[in-house]
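So you can see what is in the structure, the chains are spelled out below.
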Amino acid sequence: MKMRLAMLACLALLLAPLAATGDDDDHGRKKERHRERNRYSEHQVPPVSNPLYREQCGACHFAFQPALLPAASWQKIVAGLDDHFGEQPDLSPGERAEILAYLEANAADRQGNKISRKIMKSLGGQAPLRVSRTPYMLHKHEDDDIPAGAFQRKAVGSRANCLACHPTAEQGVYDEHLVRIPR
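Note that the coordinates shown come from a computational prediction; the quantities given were computed from them, not determined experimentally.

Criteria and cut-off values
Residues numbered from 1 in each chain as written. Predicted model: local features only at pLDDT ≥ 70, side-chain atom pairs only at ≥ 80, totals over all residues. Heavy atoms only, no water. Helix = DSSP H or I, 4+ residues; strand = E, 2+ residues; numbered from the N terminus. Expected span 1.5 Å × (residues − 1). Buried < 20%, exposed > 50% of the residue type's maximum accessible area, 1.4 Å probe, protein only. Arc of directions from axis to C-beta. Contact = heavy atoms within 4.5 Å. pLDDT = per-residue confidence, 0-100. Axes fitted to C-alpha atoms, helices over the stretch in contact; angles between N-to-C directions. Parallel < 35°, antiparallel > 145°, perpendicular 65-115°, else oblique. Left-handed = near helix turned anticlockwise from the far one by under 90°. Nonpolar A, V, L, I, M, F, W, Y, C, P; charged D, E, K, R; others polar. Phe/Tyr/Trp six-rings, centres within 6.5 Å; stacked < 30°, edge-to-face > 60°. Lys NZ or Arg CZ within 6 Å of the ring centre and 35° of its normal.

Undergrad: Quick question: what am I supposed to make of helix H4 (residues 93–105) here?
TA: It helps to recall that an α-helix has 3.6 residues per turn; residues three or four apart then point in one direction. Here H4 is 13 residues long and its end C-alpha atoms lie 18 Å apart, about the 18 Å a rise of 1.5 Å per residue gives. For H4, the full list of buried residues reads Arg96, Ile99, Tyr102 and Leu103. Along H4, the residues classed as buried sweep out an arc of 135° about the axis, all on the same side. Close packing links the buried residues of H4 with helix H2 (51–58) and helix H3 (71–79).

In structure tokens:
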């Protein structure tokens, strides 16, 4: 009996470092998941990473990051491409499917960044067709610091021209401290 207890004690001592490593690995994985969820600051969304989307949609307007609208919005937008705000993009069915898959996979309701969460919270189940018309974006652009008529200025044109005031918009950075409103 004493021999068994001694063997068990030795075995426990030998296995203790392995158990601690397992805990460290688990803790490391948890920290990595936390870092990934919080990789983007409260002023940042993942930048556009699909070349087809960037090329096709960015040819006519700013290629909005998918994280700025929910998947339901992107589905409605792609389904309505035969009359896309007065335009008719020339996309094959395969290209449409690739773009939609990218938009859905990276949509606001599939992201963990702060902007996407705030957009989703503001929507109340709606699926708007324009990023600039989400309640969150409307609220962010009601600021007293934005001069009257700023969106009508020739250099800005509309609320949809993010790059006019957000020079880091293509990188997904919408930090208000970096805003430069053209005259």
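Undergrad: Just checking my understanding: could you explain the confidence of the model for the chain for this structure?
TA: Should pLDDT be low for a region, the predicted coordinates there are not to be read in detail. Of all residues in the chain, 77% have pLDDT values of 70 or greater, and the mean over the chain is 84. Counting contacts from residues 13–22, a segment whose pLDDT is below 50, to residues more than four positions away or on other chains yields zero contacts.

Undergrad: Please explain the packing of H3 against H4 as it appears in this structure.
TA: Two quantities define a packed helix pair, namely the angle between the axes and the distance from one axis to the other. In contact at an axis separation of 9 Å, H3 and H4 are set at 165° when each is read in the N-to-C sense. Judged by the angle between their axes, H3 and H4 are roughly antiparallel. For the pair H3 and H4, the crossing hand works out as right-handed. Across the interface between the two elements, Ala71, Trp74, Gln75 and Val78 of H3 pack against Arg96, Leu100, Leu103 and Glu104 of H4. Looking at the contact of H3 with H4, its residues break down into five nonpolar, one polar and two charged.

Undergrad: Any chance you could explain the packing of aromatic side chains here in plain terms?
TA: A complete count under the given rule lists three aromatic pairs for this structure. Centre to centre, the rings of Tyr53 and Trp74 are 6.5 Å apart; their planes meet at 85°, and the pair counts as edge-to-face. Note that Tyr53 is positioned in helix H2 and Trp74 in helix H3, a separation of 21 residues in sequence. Residue class for Tyr53 comes out buried when judged on its relative accessible area of 2%. The class for Trp74 is buried, based on a relative accessible area of 4%. Among the aromatic residues, those joined into a ring-pair cluster are Tyr53, Trp74 and Tyr102. Over the face of the ring belonging to Phe151 we find Arg159, whose NZ or CZ atom lies 4.2 Å from the ring centre.

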